Amino acid sequence: EVMMRERARGLWALLLVALAAAAAAPGAVLAQGNLTSRSDLVGLYALRGSLGLRARDWPRHADPCTAWAGVGCRAGRVVSLNLVGLRRTRLGRLSPRFDVDGLRNLTRLEAFNAAGFGLPGSIPAWLGAGLAPTFQSLDISDCAVSGEIPASALVGLGNLTTLNFAGNRLSEQLPATALSRLTR
């Protein structure tokens, strides 16, 4: 009986360590709950429209935290967006573009992953300064992004730990001046 209690205590300790590690991970989602932020809702609907996402993936009259594919929430706020595997509407496929202005409304966003999701066009100059101060992970690899990377696009991303631009048609390297501002 003493062995069983010790084993159970060890398993509980392991579970607590795993939960703490998950909470510390960028974009970690511990409890979904319902979306509580009107600003987040406005931003998500702007992205739904500008990216041409299908209603099957992001249904109009459902709570984004519980029913929208790739939306991660914590305490009723959007903390991560993962567009990998999502599909566009027919109209969205006809004119895809790098239009992610809705991200500006997501003031608790920590991670944005659009790897392989077509975002043709250039990276907006506002991107770094327009994202949440808590933002940590940006993956826009293989998205058909083209053109220059404006130095201003990385300003304000002091907590950035992951940056992936691979597989795009960028015309130059990441600006050294922008990289020097990153603290990690």
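Attention in this report is confined to the structure presented alongside it. In this text the structure is predicted, and so the values were computed from the model without any measurement.

## A short note on the state of the cysteines
Thought 1: One pass over the structure, following the stated rule, counts one disulfide.
Thought 2: What pairs with Cys65 in a disulfide is Cys73, and their sulfur atoms sit 2.1 Å apart. On the sign convention where negative means left-handed, the S-S torsion of about -85 degrees between Cys65 and Cys73 marks this disulfide as left-handed.

## Looking at the sheet that holds strand S4 (residues 137-139)
Thought 1: Spatially, five strands are ordered S1-S2-S3-S4-S6 in an open sheet, and the strand pairing comes out mixed. The sheet terminates laterally at strand S1 (71-74) and strand S6 (162-164), the two strands that pair on one side only. Strand-to-strand twist in this sheet, taken as the mean axis angle between neighbours without regard to direction, amounts to 20 degrees.
Thought 2: Here helix H2 (residues 38-51) sits on the sheet in contact with S1 and strand S2 (77-82), set at roughly 20 degrees to S2.

## So, unusual backbone geometry
Thought 1: You will see that Asp142, though not glycine, has its phi angle at about 55 degrees, which is positive.
Thought 2: Here Asp142 lies in the loop between S4 and strand S5 (146-147).
Thought 3: In this structure Asp142 comes out as partly exposed when scored by relative accessible area, which is 48%.
Thought 4: The phi angle at Ala144 is positive, at roughly 65 degrees, despite the residue not being glycine.
Thought 5: Structurally, Ala144 is set in the loop between S4 and S5.
Thought 6: Taking relative accessible area as the criterion, Ala144 reaches 24% and is therefore assigned partly exposed.

## Regarding the side chain of Ser50
Thought 1: Within the secondary structure, Ser50 sits in helix H2.
Thought 2: Residue class for Ser50 comes out buried when judged on its relative accessible area of 12%.
Thought 3: Those residues in contact with Ser50 that sit more than four places away from it in its chain are Arg97 and Asp99.

## What to know about the pairing of S2
Thought 1: Burial analysis of S2 places five of its six residues in the buried class, the great majority of the element.
Thought 2: With four bridges joining them, S1 and S2 adopt antiparallel strand pairing. Each residue of the ladder has a partner; that of Val71, found in S2, is Leu81.
Thought 3: Hairpin connection between S1 and S2: a loop of two residues separates the two successive antiparallel strands, and Ala75 in this loop has a positive phi of roughly 55 degrees.
Thought 4: Pairing analysis gives three bridges linking S2 to strand S3 (residues 111-113), with the strands arranged parallel. By the bridge assignment for S3, Leu81 is matched with Phe112.

## What to know about a positive patch on the surface
Thought 1: On the surface, Arg56, Arg87, Arg90 and Arg93 cluster together to form a positively charged patch.
Thought 2: Its location among the elements puts Arg93 in helix H4 (residues 90-94).

## Topic: the pattern of salt bridges
Side chains that carry opposite charge are capable of pairing whenever their charged atoms lie near each other.
Thought 1: This structure, assessed with the given rule, holds four salt bridges.
Thought 2: Here Arg74 makes a salt bridge to Glu110, at a shortest N to O gap of 3.0 Å. Residue Arg74 is located in strand S1, and its partner Glu110 is located in the loop between H4 and S3; the two are separated by 36 residues in the primary sequence.
Thought 3: Put simply, Arg97 and Asp99 hold a salt bridge, and the shortest N to O gap is 3.5 Å.

The rules behind these values
- Residues numbered from 1 in each chain as written.
- Predicted model: local features only at pLDDT ≥ 70, side-chain atom pairs only at ≥ 80, totals over all residues.
- Heavy atoms only, no water.
- Disulfide = S-S within 2.5 Å.
- Pairing = 2+ DSSP bridges.
- Helix = DSSP H or I, 4+ residues; strand = E, 2+ residues; numbered from the N terminus.
- Axes fitted to C-alpha atoms, helices over the stretch in contact; angles between N-to-C directions.
- Contact = heavy atoms within 4.5 Å.
- Buried < 20%, exposed > 50% of the residue type's maximum accessible area, 1.4 Å probe, protein only.
- Patch = residues over 30% accessible without salt bridge, like charges linked within 9 Å, V, L, I, M, F, W, Y side chains within 5 Å.
- Areas by Shrake-Rupley, 256 points an atom, 1.4 Å probe, with all protein chains shown as cover.
- Salt bridge = Lys/Arg side-chain N within 4 Å of Asp/Glu carboxyl O.
- Lys, Arg positive; Asp, Glu negative; His and termini not counted.
- Charge placed at Lys NZ, Arg CZ, Asp CG, Glu CD.

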